[in-house]
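Take a look at the letters that make up each chain.
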Amino acid sequence: MGNHIFILAAIMLVSGIFGGLINYYQMNQNTSDSGSLPRCIVIGMGASFLVPVILDFVNSDLILEIQGDPSRLLIYTGFCLIAAIAARVVIVNTSDRILREATLARAQSEATQQELRVLRDELLPLVEAETEQDAPLDEGAAPEIDPDLDEVAQKTLKSLATGKHTFRSLAGLSKANGSEETATGKALSQLASKEMVGKVSGLHGIRWYLTEKGRRMADLLV
């Protein structure tokens, strides 16, 4: 009985080493990891020594049959070799699947964060428009119209303040102003530098909106 166990253990050991070598040369030919070979051998040996447990789970009498028929050792050796080779495949496939799922989850998370940022930028002007703002404490004199604003910029502020849409397109503002898109674009850039207007990028492209500062200036123009 002792010799029988020793033979089985030797078969599992050799099969595990051989299966680890097969995995190493099949799947790690282009790697520079010096620990790859020992890792493959250890995984193969561990999987090979689990074969008796698997046979017990399926109620197989192969180990006992080997005592009466030594030719059954070949089948047992094959099982050990299959287990050693399959272990590496299962681990690699599982690792790749986990990596793919983690990458997909990260991409979805980044997409969700981007959508939330866009939604925040779109909601902020609406909240500001519906919220009463306190006048700045440093306003000692009555507010005056900014002298740097030309006619197109003033018309743009009026269009943003009186239009039925909070977010306006460049084409829509140009049509409302009766001016060229180039001139309206320059006016919007000037107003944005003075923090009187802001812009958001959504599904329909860039849209412009009036800030609280711009709303106060528009009240002086209307």
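Computed from a predicted model, the values in this text were never measured in an experiment.

J.: Give a detailed account of the overall build of the protein chain, specifying residues and quantitative values.
T.: Regarding its fold elements, the protein chain presents nine helices and two strands. Going from N to C terminus, the protein chain has its helices and strands arranged as α-α-α-α-α-α-α-α-β-β-α. Expressed as a percentage of its 222 residues, the buried residues of the protein chain come to 27%. Total accessible area on the protein chain is roughly 14600 Å²; 59% of this is exposed by carbon and sulfur atoms.

J.: Pulling in residues and values, what's your account of helix 7 (residues 170-177)?
T.: Among all positions of helix 7, only Leu173, Ser174 and Asn177 are buried. End-on, the buried residues of helix 7 take up no more than an arc of 100°, which puts them together on one face. Buried residues along helix 7 sit against helix 6 (151-162), helix 8 (181-193) and strand 2 (205-210).

J.: Outline the packing of aromatic side chains, listing residues and values.
T.: The full count for this structure, using the stated rule, is two aromatic pairs. Judged by centre distance (5.1 Å) and plane angle (75°), the ring pair of Tyr24 and Tyr25 falls under edge-to-face. With a centroid separation of 5.9 Å and 70° between ring planes, the pair formed by Phe167 and Tyr209 is classed as edge-to-face. Of the two residues, Phe167 sits in the loop between helix 6 and helix 7 while Tyr209 sits in strand 2, which places them 42 residues apart along the sequence.

J.: Run through unusual backbone geometry, naming residues and quoting values.
T.: In the Ramachandran plot, Asn59 falls in the positive-phi region, its phi being about 60° despite a non-glycine side chain. Positioned with a positive phi, Glu195 is a non-glycine residue whose angle comes to about 60°. Considering the arrangement of structural elements, one finds Glu195 in the loop between helix 8 and strand 1 (197-202). For Glu195, a relative accessible area of 56% gives the class exposed.

J.: Account for the nonpolar core, naming residues and giving values.
T.: Leu149, Leu157, Leu191, Met196, Val197 and Leu210 are the most contacted members of the largest nonpolar core, which totals 15 residues. Ignoring anything within four residues of it in the chain, the contact list for Leu210 reads Leu157, Leu160, Ala161, Met196, Val197, Arg215 and Ala218. The next biggest cluster of nonpolar side chains, apart from the first, holds 14 residues, and it includes Ile11, Ile43, Leu55 and Ile66.

J.: Please give an account of the pattern of salt bridges that cites residues and values.
T.: Evaluation of the coordinates by the stated rule reveals three salt bridges. Ionic pairing is found between Arg72 and Glu65, a salt bridge with its closest N-O pair at 2.8 Å. Here Arg72 falls in the partly exposed class, since its relative accessible area comes to 27%. Two residues, Glu110 and Arg106, come together in a salt bridge whose shortest N-O distance is 3.4 Å. Separated by four residues within a single helix, Glu110 and Arg106 lie in helix 5 (residues 72-129), roughly one turn from each other. Owing to a relative accessible area of 44%, Glu110 belongs among the partly exposed residues under this scheme. Relative accessible area serves as the criterion here: at 59%, Arg106 is assigned to the exposed category.

J.: Could you give an account of the side chain of Asn23, with specific residues and numbers?
T.: Turning to its location among the elements, Asn23 is positioned in helix 1 (residues 2-27). Exposure remark for Asn23: the relative accessible area of 1% places this residue in the buried category. Within the local environment of Asn23, its side chain forms a polar contact with the backbone oxygen of Ile85, the two atoms lying 3.4 Å apart.

J.: Got a sec to walk through the packing of helix 6 against helix 8? Specific residues and values, please.
T.: Packing of helix 6 against helix 8 brings their axes to within 9 Å, and their N-to-C directions diverge by 75°. What the angle tells us is that helix 6 and helix 8 run roughly perpendicular. Between helix 6, through Val152, Ala153, Thr156 and Leu157, and helix 8, the contact on the second element is made entirely by Ala183, Thr184, Ala187, Leu188, Gln190 and Leu191. A breakdown of the residues in the contact of helix 6 with helix 8 according to their chemical character gives seven nonpolar, three polar and no charged.

J.: Describe a nonpolar patch on the surface, with residues and values.
T.: A cluster of nonpolar side chains, namely Leu50, Val53, Ile54, Phe57 and Val58, defines an oily patch on the protein surface of about 510 Å² accessible area. The exposure class assigned to Val58 is exposed, which follows from its relative accessible area of 55%.

Reading the values: the criteria
- Residues numbered from 1 in each chain as written.
- Predicted model: local features only at pLDDT ≥ 70, side-chain atom pairs only at ≥ 80, totals over all residues.
- Heavy atoms only, no water.
- Helix = DSSP H or I, 4+ residues; strand = E, 2+ residues; numbered from the N terminus.
- Buried < 20%, exposed > 50% of the residue type's maximum accessible area, 1.4 Å probe, protein only.
- Areas by Shrake-Rupley, 256 points an atom, 1.4 Å probe, with all protein chains shown as cover.
- Arc of directions from axis to C-beta.
- Contact = heavy atoms within 4.5 Å.
- Phe/Tyr/Trp six-rings, centres within 6.5 Å; stacked < 30°, edge-to-face > 60°.
- Core = buried A, V, L, I, M, F, W, Y, C linked by side-chain atoms within 4.5 Å.
- Salt bridge = Lys/Arg side-chain N within 4 Å of Asp/Glu carboxyl O.
- Polar contact = N/O pair within 3.5 Å; in protein donor to acceptor, adjacent residues only side chain to side chain.
- Axes fitted to C-alpha atoms, helices over the stretch in contact; angles between N-to-C directions.
- Parallel < 35°, antiparallel > 145°, perpendicular 65-115°, else oblique.
- Nonpolar A, V, L, I, M, F, W, Y, C, P; charged D, E, K, R; others polar.
- Patch = residues over 30% accessible without salt bridge, like charges linked within 9 Å, V, L, I, M, F, W, Y side chains within 5 Å.

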